[in-house]
Amino acid sequence: MMKGMKKTRQGAVSILVLFGVLFGLVFPAAGADFKKEYKMTVNVGPNFYWGIGATKFAELVKEKTDGRINIKPYFGSALLKGAQLKSPQMVANGIIDCAYESTINAAPVIPEMNIFSLPFFINTFENLDQMENGETGKKIFEAMDQKGLVGLAWAENGFRQVTNSVREIKRPEDMKGMRLRVVGSPIFIDIFRQLGADPVNMNWGDAQTAFQQGVVDGQENPVGVLIPVQIWQYHQYATLWNYLVDPLIVYWGKREWDKFPADIQKAIAEAAKESARFEKALCRAGLDDGESLRILKEEFNYEMAVPDPIAYMEEKGMKVTQLSEEDRQAFEEATRPVYDKWVPKIGKALYETARADMAE
Ligand code: X2X
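Note that the structure is a prediction, hence the values are computed from the model and not measured.

## What to know about the overall build of the protein chain
Here comes step 1: Counting its regular elements, the protein chain contains 16 helices and eleven strands.
Here comes step 2: Here the C-alpha coordinates of the protein chain stretch approximately 95 × 45 × 45 Å along the principal axes.
Here comes step 3: Out of the 360 residues in the protein chain, the part that is buried amounts to 53%.
Here comes step 4: For the protein chain, the share of sequence-separated contacts (at least 6 apart) that also reach a separation of at least 24 residues comes to 73%.
Here comes step 5: Put simply, the protein chain shows about 16,600 Å² of open surface, and 53% of that area lies on carbon and sulfur atoms.
Here comes step 6: Between the centroid of the 43 positive side chains of the protein chain and the centroid of its 48 negative side chains there is a distance of 11 Å.

## Section: the sheet that holds strand E8 (residues 218-221)
Here comes step 1: Ordered by their spatial adjacency, six strands build an open sheet running E7-E6-E8-E5-E9-E11, and the pairing between neighbours is mixed. Here the strands that pair on one side only, and so sit at the sheet edges, are strand E7 (198-201) and strand E11 (319-322). On average, each strand axis in the sheet is tilted by 25 degrees relative to the strand beside it, whichever way the strands run.
Here comes step 2: Direction of pairing for strand E5 (residues 161-164) relative to strand E9 (residues 237-240): antiparallel, over a ladder of three bridges. Looking at E9, one finds that Thr 163 is bridged to Ala 238.
Here comes step 3: In the packing of helix H7 (residues 186-194) onto the sheet, the strands contacted are strand E6 (179-182), E7 and E8, and the crossing angle to E7 comes to about 165 degrees.

## Some thoughts on empty space enclosed by the protein
Here comes step 1: Under the definition given, this model contains two cavities of 30 Å³ or more.
Here comes step 2: Computed from the structure, the largest cavity encloses a volume of approximately 100 Å³.
Here comes step 3: Around the largest cavity, the lining is made up of 15 residues, and of these Asn 43, Trp 50, Gln 84, Arg 160 and Asn 221 lie nearest the centre.
Here comes step 4: Considering only residue class, the lining of the largest cavity consists of six nonpolar, six polar and three charged.
Here comes step 5: Roughly 40 Å³ of volume is contained in the second largest cavity.
Here comes step 6: Taken together, Tyr 49, Val 223, Gly 224, Ile 227, Leu 282, Cys 283, Ala 285, Met 304, Val 306 and Pro 309 make up the full set of residues lining the second largest cavity.
Here comes step 7: Its residues assigned to classes, the lining of the second largest cavity comprises nine nonpolar, one polar and no charged.

## A closer look at the site of the ligand
Here comes step 1: What surrounds the ligand is a group of 13 residues, the closest being Asn 43, Gln 84, Arg 160, Arg 181 and Asn 221.
Here comes step 2: A distance of 3.0 Å separates an oxygen atom of the ligand from a polar atom in the side chain of Asn 105.
Here comes step 3: A distance of 3.3 Å separates an oxygen atom of the ligand from a polar atom in the side chain of Asn 157.
Here comes step 4: Coverage of the ligand by the protein amounts to 100% of the 270 Å² it exposes when considered alone.

## Topic: the pairing of strand E3 (residues 98-102)
Here comes step 1: Along E3, five of the five residues are buried, which leaves the element largely enclosed by surrounding structure.
Here comes step 2: On E3, burial covers both faces: Cys 98, Tyr 100 and Ser 102 on one face and Ala 99 and Glu 101 on the other are all buried.
Here comes step 3: Bridging between strand E1 (residues 38-41) and E3 involves two bridges; their strand directions are parallel. Within E3, the residue paired with Thr 41 across the bridge is Ala 99.
Here comes step 4: Summarising the sheet, E3 and strand E10 (residues 245-253) pair through five bridges and their orientation is antiparallel. Residue pairing across strands places Tyr 100 opposite Val 250, the latter belonging to E10.

## A few points about the sheet that holds E1
Here comes step 1: The mixed open sheet is built from five strands, whose spatial order is E2-E1-E3-E10-E4. The sheet is open, and its two borders are formed by strand E2 (71-74) and strand E4 (149-159), each paired with just one other strand. The sheet shows a mean angle of 20 degrees between the axes of neighbouring strands, direction not considered.
Here comes step 2: In this fold helix H6 (residues 135-146) packs onto E4 and E10, with an angle of close to 125 degrees to the strand it touches most, E4.
Here comes step 3: In the packing of helix H11 (residues 262-284) onto the sheet, contacts are made with E3, E4 and E10, and the angle to E4 comes to roughly 10 degrees.

## A closer look at helix H2 (residues 49-64)
Here comes step 1: Look at H2: 22 Å from first C-alpha to last across 16 residues, which is about the 22 Å you get at 1.5 Å a residue.
Here comes step 2: Listed as buried for H2 are Tyr 49, Trp 50, Gly 51, Gly 53, Ala 54, Lys 56, Phe 57, Ala 58, Leu 60 and Val 61.
Here comes step 3: Phi turns positive one or two residues past the end of H2, at Asp 66, with a value near 50 degrees.

## Topic: the packing of H6 against helix H16 (residues 348-359)
Here comes step 1: At their nearest, the axes of H6 and H16 sit 8 Å apart, and the two run at 145 degrees to each other. Residue-level contacts link Glu 135, Thr 136, Lys 139 and Ile 140 of H6 to Leu 350, Thr 353, Ala 354 and Asp 357 of H16.
Here comes step 2: Residues that form the contact of H6 with H16 fall into these classes: three nonpolar, two polar and three charged.

Each value, and the rule that gives it
Residues numbered from 1 in each chain as written. Predicted model: local features only at pLDDT ≥ 70, side-chain atom pairs only at ≥ 80, totals over all residues. Heavy atoms only, no water. Helix = DSSP H or I, 4+ residues; strand = E, 2+ residues; numbered from the N terminus. Buried < 20%, exposed > 50% of the residue type's maximum accessible area, 1.4 Å probe, protein only. Contact = heavy atoms within 4.5 Å. Areas by Shrake-Rupley, 256 points an atom, 1.4 Å probe, with all protein chains shown as cover. Lys, Arg positive; Asp, Glu negative; His and termini not counted. Charge placed at Lys NZ, Arg CZ, Asp CG, Glu CD. Pairing = 2+ DSSP bridges. Axes fitted to C-alpha atoms, helices over the stretch in contact; angles between N-to-C directions. 1 Å grid on protein atoms, 1.4 Å probe; cavity = no way out; pocket = protein on both sides within 12 Å on 5 of 7 lines; lining within 4 Å. Points joined across faces, edges and corners; volume = space filled by probe spheres on them. Nonpolar A, V, L, I, M, F, W, Y, C, P; charged D, E, K, R; others polar. Near = heavy atom within 4 Å. Polar contact = N/O pair within 3.5 Å; in protein donor to acceptor, adjacent residues only side chain to side chain. Expected span 1.5 Å × (residues − 1).

The structure is reproduced here in structure tokens:
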């Protein structure tokens, strides 16, 4: 009998100890409740302007949280095995903590983000800023919240330009049959089919190999990608048609974000905004009448290695084409049917909101 009681007491003690351990795991003592490393996904490499911005974010977070929050960037979508469209799901379910990511890559999960991919809809940096800082930006962050993501800041990849190794593109006809690598988000296939090209979906990691091997004739990306990847090694022709824009968003998984104390949230949000201002300026440098070069110098003490990306591509032997107003119109008309299919998917209300923001 005594023996049995002893056993029971021992059992109770072990259960208590077990509970204590489990409790400690779930609710660690204050001060020790941060992960050793917060994983951040970034689709491109560290030497792209986008990658430099992501690194800056991690540095600023460390600084502003006195080393309590350590973000490790995983470049080239390494955490996703290159599957660049998977970032929003992985962050929402907490497998990855945060992202410095393209709206294009999140658009399959958050269809509202396709607003930036409507061809020839947003035509200036000013219009883009009006949308991001206006009601459109707010609504997109709300849509992200619904999917378990907290949007922290708007950074940028830039207006996307088309390059190829076959011929100069000035008119929609010039694209006939051209095999172009496009990003996996479906609106891109629709746009290029509409133009008579032969688009093929590929992750960015595979795309670079495809350029090297000449498997595709061309691709589309902003100068902030074209220059680091040295696109002139593969493509001689670039058309600067600014046909759509690719913003980046710095975002965090909501479940984990909500558990952070307010001072940590504030520090991370500030770091996101500051890094985004820097990163946007990198991507716009030489494309906005000196404004971004000034921001980089005065606010960040940063001297741009390539202050004039267009002249630089020409120096590297590329034929860089800017469209006449008439040619631009031809592209605009040719891609217009894409709106019939995509505005309903994006939401007519958001489309109108974006137009109103741009008219401010
Ligand atoms: O895949 C691309 O083209 C890139 C690098 O621009 C994006 O991640 C959207």
